[in-house]
2 protein chains.
Amino acid sequence: MKFKIIEELDYDEKLVIIHPSNPDPRDPVSNLAKISVNQKQDLVKVIFSESLVTKKEIGVSKSYFEKLNCTIKTPVSISTRVKPKGYPIIKKKYEKQKWSKDDIQIILDDIYNENLSDLEMAAFTLSMQYENLSMEETEHLTKGFAYHGTKIEFNEPVYDKHSIGGIPGNKVSLLIVPIVAAAGLLIPKTSSRAITSPSGTADTFEVLAEVDFRAEEIQEIAPKTRGMLVWGGQLNLAPVDSKIIERVERPLNLDPESVIIASILSKKLSTGVEHLVLDMPMGPGTKLESKEEGVNFAHSFIEIGRRVGIEIDCAITYADQPVGHAIGPALEAKEALESLTGKGPRSVHEKSIELAGILIEMAKLAPKGNGAAYADEILRSGKALQKFREIIDAQGGDSSIKPEEIELGQYVYEVKSKKDGYIAHISNSTIKSIARALGCPNDKKAGLYLIHKAGEFIKKGTPILKLYATKENDLENAINIAESSQLINLEGMVLERVSSFPYSKN
Amino acid sequence: MKFKIIEELDYDEKLVIIHPSNPDPRDPVSNLAKISVNQKQDLVKVIFSESLVTKKEIGVSKSYFEKLNCTIKTPVSISTRVKPKGYPIIKKKYEKQKWSKDDIQIILDDIYNENLSDLEMAAFTLSMQYENLSMEETEHLTKGFAYHGTKIEFNEPVYDKHSIGGIPGNKVSLLIVPIVAAAGLLIPKTSSRAITSPSGTADTFEVLAEVDFRAEEIQEIAPKTRGMLVWGGQLNLAPVDSKIIERVERPLNLDPESVIIASILSKKLSTGVEHLVLDMPMGPGTKLESKEEGVNFAHSFIEIGRRVGIEIDCAITYADQPVGHAIGPALEAKEALESLTGKGPRSVHEKSIELAGILIEMAKLAPKGNGAAYADEILRSGKALQKFREIIDAQGGDSSIKPEEIELGQYVYEVKSKKDGYIAHISNSTIKSIARALGCPNDKKAGLYLIHKAGEFIKKGTPILKLYATKENDLENAINIAESSQLINLEGMVLERVSSFPYSKN
């Protein structure tokens, strides 16, 4: 059969239109049918029409057709979906049985081949939410995720840094990559774009250079520059994991522990990573609510890493307030560049050298306990800044850019304190709401700057927040949120601080 | 806005077409929007079209429009769905927390108001599959299911019989209702149509009379006849439970224990039942695989019954082979009528008087242990047959019908034994497949008759099965299944029989 674009209809659903003289291809249970294009399948809903298509045509909207990534001449066929082998295996979890390596591979193959309905995928993902997988199962899940999809390979050990949780303003990767690369280690870092947070590392670095590279380009460029900062989203790394995230985890807002581990480590496996420092932000609104939870989670990561061949060190970091002062792509890129010139905030500097130092210790460039000092030296000497400019250049950006040349939104507003007092708490979730209202992460010039942070004493009328927008309307919405929120609680002195962890010094 | 039927498209999906100049009403997480018609809501997928609808129209297919049960002039509006209050509560189960009465009501209200996506409904149902609810939670679930939907009320105690599992040929309700009604008790039995089994009680009785009655009609007729046999499906009893079954349990082929209990008992609550005998078939392919499991399940039913005000007795019954010989609506109706005249098979007779006897004992018409004899007497005296004819008459059927007048499929075939031996086992699942091929349950005249049952010695060439169909093609398909299946295993003597339970005597 052939595709026909139905101009009358616009949708991006998995939905096709066929002529009713064809046999009904729908599986009576899920009500879905399967189309096959090239070597790929897709589970689709079916609509019948006598007038819009002929018996030999499969009607689709332009938007959905574009998603299928083929040409109008590509033959397409429709059939009843094969009964998934994976679903009876998923059901084993109802009786709390363990999955074998083969079990997991069968399920993941079914997901890869688009042979599971959303409901069946939910049954799979929820089973792991209700019952944690064993170490062995998580190992197989990690390897299974890495099995399908792109592999990026190098002829030398790859180092990497990864943060497991969305903490606003976390621009430290923009310092860690050049520090570690300047130390001579290979660190081609893939990172994500923001979904709900104000800016992902890829969004931030995109202010300065391109981030969208193909696997072969990364394999070519990275060994020369020693470091890269690229967007991982388009590389087709661990595509089964991405399907689970998109079809179940995001709509249901869930995140089973075993899947977090397998999701992160499978992408590291696919990009050749052998040494990894894991930033684990802890605090309200993060994935970790207590230090104990963090330590347990860290042990799981380290053990799965050991099983799949990745050396992992975990750093549980303080995440009660944003890292540094700047939030939003351009503001964060600016603050990162300032930090590389030695003019950044202490929290950004310290978190960066501590995490980079762990990788330096793993590489045995410095003895245990001296990595941070080694990293600090690279930063202070200007070598990291020089490396950063080299990376910007290799990724097609303007390597001579100065922090003050980075453009910010032209609509600006300062939120001022309404009384005297200590800043007791800066809520990450309110900061995220304000940033979203300002237009982050799509509007790169939008963002906010925390003029003062928790613990500081300020007088009535002192500016505490500065907002940037490119649209007047966005600025107004953000002002409304900021002025009406409990963003900053000024009553009394800060009584309690978590300060027993390395990164709580700011 | 107004409906517009889009003749060009045919589908029964929850899918509407709107003009792109309307604001996008879709919730970005589930990609669904909400339409409101009369007091009711529906979550729908959205397609945009500039040519098929105007800004003031909502396009739907004729099939979907008919499902909405309104007129073309009924105003309809589309909006973004309200964030469900129920979903955060569902997520409590990820941390193994208990649901309160209010928690459960909020979730069920969200389901009733069509405010949960299929994925969110799956999260709810699967949570109960992975973690059994407590007695208290199951009690609230039962009452919660009964809260929405029709209530049928009587001024006297209602008796009822219910079977929890699909065992082919289980026509005993057609005997139990007239026996119990002839004893003077009120038993307006609602039952289901078959989904995957050869015939539901409603399908079988429909061969003899109407089964589709409104609540008011049942309230009017039943007190006079004392018994009825009606289809429960259209009565809107516990509609939230029906949505869960249709949207999650059936597609995922799952059946959490707490939901089975709440599902059955909520419908009993809604129809005023105070005394219930529960038939719990046990054996391969049923819900119960061992006697222990059955006893535990029975205790849960009895306890939830106590909490919601229903006296329950459970009978774990032998379900290793079909009840009686006849399978399929017309064949079963015929065998039930024969049994009422004293000419039926022993297994049908015994199971019927045992279960009816339990209700008779509950009503204190006979002392414990004597109920079956009391029921047997009603059956043998002809009073049950007379009552059965009275019920057929009240439900608009031909009350003078004789068993031999019931029409069966004209295409007939006898499956013969290929060697001498004992019939070792008759597989319920193969019988179901043959029955489905013959056209059951929609083709009422289709079905099969077991000429010999397990344990009997037969000679080569003896007919063991008789097939009936109304279409030659159906018969051929069924013959293929029967001849190629392990339906009857003739090798050697039956070595083991489960015979410690009351109904394993056949």
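Just so it is clear, the model here is predicted, and its values are computed rather than measured.

Reading the values: rules and limits
- Residues numbered from 1 in each chain as written.
- Chains lettered and ligands numbered in written order.
- Predicted model: local features only at pLDDT ≥ 70, side-chain atom pairs only at ≥ 80, totals over all residues.
- Heavy atoms only, no water.
- Helix = DSSP H or I, 4+ residues; strand = E, 2+ residues; numbered from the N terminus.
- Rg over C-alpha atoms; globule rule 2.2 N^0.38 Å.
- Buried < 20%, exposed > 50% of the residue type's maximum accessible area, 1.4 Å probe, protein only.
- Contact = heavy atoms within 4.5 Å.
- Buried area = accessible area lost by both parts, 1.4 Å probe.
- Salt bridge = Lys/Arg side-chain N within 4 Å of Asp/Glu carboxyl O.
- Core = buried A, V, L, I, M, F, W, Y, C linked by side-chain atoms within 4.5 Å.
- Domains from an automatic or database assignment.
- Pairing = 2+ DSSP bridges.
- Least-squares fit on C-alpha atoms with pLDDT ≥ 70 in both.
- Axes fitted to C-alpha atoms, helices over the stretch in contact; angles between N-to-C directions.
- Phe/Tyr/Trp six-rings, centres within 6.5 Å; stacked < 30°, edge-to-face > 60°.
- Parallel < 35°, antiparallel > 145°, perpendicular 65-115°, else oblique.
- Left-handed = near helix turned anticlockwise from the far one by under 90°.
- Nonpolar A, V, L, I, M, F, W, Y, C, P; charged D, E, K, R; others polar.

## Remarks on the overall build of chain A
Here's step 1: When helices and strands are tallied, chain A shows 17 helices and 17 strands.
Here's step 2: What you see for chain A is a C-alpha radius of gyration of 25 Å, in line with the 23 Å of a compact globule of 506 residues.
Here's step 3: Taking the principal axes of its C-alpha atoms as reference, chain A extends roughly 75 × 50 × 45 Å.
Here's step 4: In chain A, which comprises 506 residues, the proportion classed as buried is 58%.
Here's step 5: For chain A, the share of sequence-separated contacts (at least 6 apart) that also reach a separation of at least 24 residues comes to 79%.

## Side note on the interface of chain B and chain A
Here's step 1: At the interface, 41 residues of chain B touch 41 residues of chain A.
Here's step 2: Summing the contributions of chain B and of chain A, the shared interface buries around 3,400 Å²; its carbon and sulfur component is 59%.
Here's step 3: Where chain B meets chain A, there are six salt bridges.
Here's step 4: Note that Glu13 of chain B and Lys45 of chain A form a salt bridge whose closest N and O atoms lie 3.0 Å from each other.

## Focus on the nonpolar core
Here's step 1: Counting residues in hydrophobic clusters, the biggest one holds 58 residues, and the most contacted among them are Phe124 and Leu141 of chain A together with Phe124 and Leu141 of chain B.
Here's step 2: Each of two domains, domain 2 (86–131) and domain 3 (158–394) of chain A, supplies a minimum of three residues to this core.
Here's step 3: Ignoring anything within four residues of it in the chain, the contact list for Leu141 of chain A reads Ile104, Leu108, Phe124, Met128, Leu133, Ser258, Val259 and Ala262 of chain A.
Here's step 4: Formed by 51 residues, the second largest nonpolar core is a distinct cluster that contains Phe3, Ala33, Val53 and Phe65 of chain A.

## A few points about the pairing of strand β3 (residues 33–37) of chain A
All names here are of chain A.
Here's step 1: In terms of burial, β3 is a largely internal element, four of the five residues being buried.
Here's step 2: Pairing between β3 and strand β4 (residues 40–48): five bridges, direction antiparallel. In the strand pairing of β4, Val37 is matched with Lys40.
Here's step 3: Remark: two residues form the turn of the hairpin made by β3 and β4, two consecutive strands paired antiparallel; Asn38 in that turn has positive phi of roughly 50°.

## A word on the relation of the copies chain B and chain A
Here's step 1: Each copy of the sequence occupies a distinct position, and chain B is placed on chain A by a rotation of 180° and an axial shift of 0.1 Å, giving an RMSD of 0.1 Å. Taken together, the rotation and translation relating the two chain copies correspond to the operation of a two-fold axis.
Here's step 2: Looking at the interface residues of chain B, 100% of them are also at the interface in chain A, so both copies use one shared face.

## Section: the sheet that holds strand β11 (residues 311–318) of chain A
All names here are of chain A.
Here's step 1: If you walk across this open sheet you meet the three strands as β7-β10-β11, and the pairing is parallel. The open sheet is flanked by β7 (158–163) and β11, the only strands paired with a single partner. Shown here is a sheet whose adjacent strand axes are inclined to one another by a mean of 15°, direction ignored.
Here's step 2: Taken together, the six bridges between β7 and strand β10 (residues 273–282) define a ladder with parallel strand orientation. Paired with Ser163 across the strands is Asp279, a residue of β10.
Here's step 3: Contacting β7, β10 and β11, helix α13 (residues 346–362) crosses the sheet at an angle of about 150° to β10.

## With respect to the packing of aromatic side chains
Think of a pair of aromatic rings as described by two things: how far the centres are apart, and how the planes are tilted against each other in angle.
Here's step 1: Applying the stated criterion across every chain yields a total of 11 aromatic pairs over all chains.
Here's step 2: Taking 5.2 Å as the distance between ring centres and 75° as the angle between the ring planes, the aromatic pair formed by Phe3 of chain B and Phe65 of chain B counts as edge-to-face. On the criterion of sequence distance, the pair formed by Phe3 of chain B in strand β1 (residues 2–5) and Phe65 of chain B in helix α1 (residues 62–68) is long-range, its members being 62 residues apart.
Here's step 3: One aromatic cluster in this structure is built from Tyr94 and Tyr130 of chain A together with Tyr94 and Tyr130 of chain B.

## A few points about the pairing of strand β4 (residues 40–48) of chain B
If a strand is regular, its side chains alternate between the two faces of the sheet.
Here's step 1: Two elements, strand β2 (residues 15–18) of chain B and β4 of chain B, share four bridges in a ladder whose sense is parallel. By the bridge assignment, Val16 of chain B is partnered in β4 of chain B with Val46 of chain B.

## Notes on unusual backbone geometry
Residues and elements named next belong to chain A.
Here's step 1: Between Cys440 and the following residue, Pro441, the backbone shows a cis peptide bond with an omega angle of -5°.
Here's step 2: Summarising the element assignment, Pro441 is placed in the loop between α16 (428–438) and β15 (447–450).
Here's step 3: At Arg226, a residue that is not glycine, the phi angle is positive and equals roughly 70°.
Here's step 4: In this structure, Asn236 is a non-glycine residue whose phi angle is positive, near 60°.
Here's step 5: Residue placement: Asn236 occurs in the loop between β9 (227–231) and α9 (239–252).

## What to know about the packing of helix α5 (residues 135–147) of chain A against helix α10 (residues 257–270) of chain A
Residue and element names in this part refer to chain A.
Here's step 1: With their axes 8 Å apart at the nearest point, α5 and α10 run at an angle of 45° to one another. Relative to α10, the element α5 lies oblique. Seen from above, α5 lies across α10 with right-handed handedness. Between α5 and α10, the residues in contact are Thr138, Leu141, Thr142, Lys143, Phe145 and Ala146 and Ser258, Val259, Ile261, Ala262, Ser263, Leu265, Ser266, Leu269 and Ser270, respectively.
Here's step 2: Among the residues forming the contact of α5 with α10, the class breakdown is eight nonpolar, six polar and one charged.

## Structural notes on the domain arrangement of chain A
Here's step 1: Taken as a whole, chain A is organised into domain 1 (2–79), domain 2 (86–131), domain 3 (158–394) and domain 4 (408–484).
Here's step 2: The straight-line distance from the C-alpha centre of domain 1 of chain A to that of domain 4 of chain A is 48 Å.

## Some thoughts on the sheet that holds strand β11 (residues 311–318) of chain B
All names here are of chain B.
Here's step 1: In spatial order, the strands read β7-β10-β11; together these three strands make up an open sheet with parallel pairing. On the outer flanks of this sheet lie β7 (158–163) and β11, each paired with one strand and no other. Each strand of the sheet is rotated relative to its neighbour by a mean of 15°, with strand direction disregarded.
Here's step 2: Packed onto the sheet, helix α11 (residues 291–308) meets β10 (273–282) and β11 and runs at close to 165° relative to β11.
Here's step 3: Against the sheet, helix α13 (residues 346–362) touches β7, β10 and β11, its axis set at about 150° to β10.

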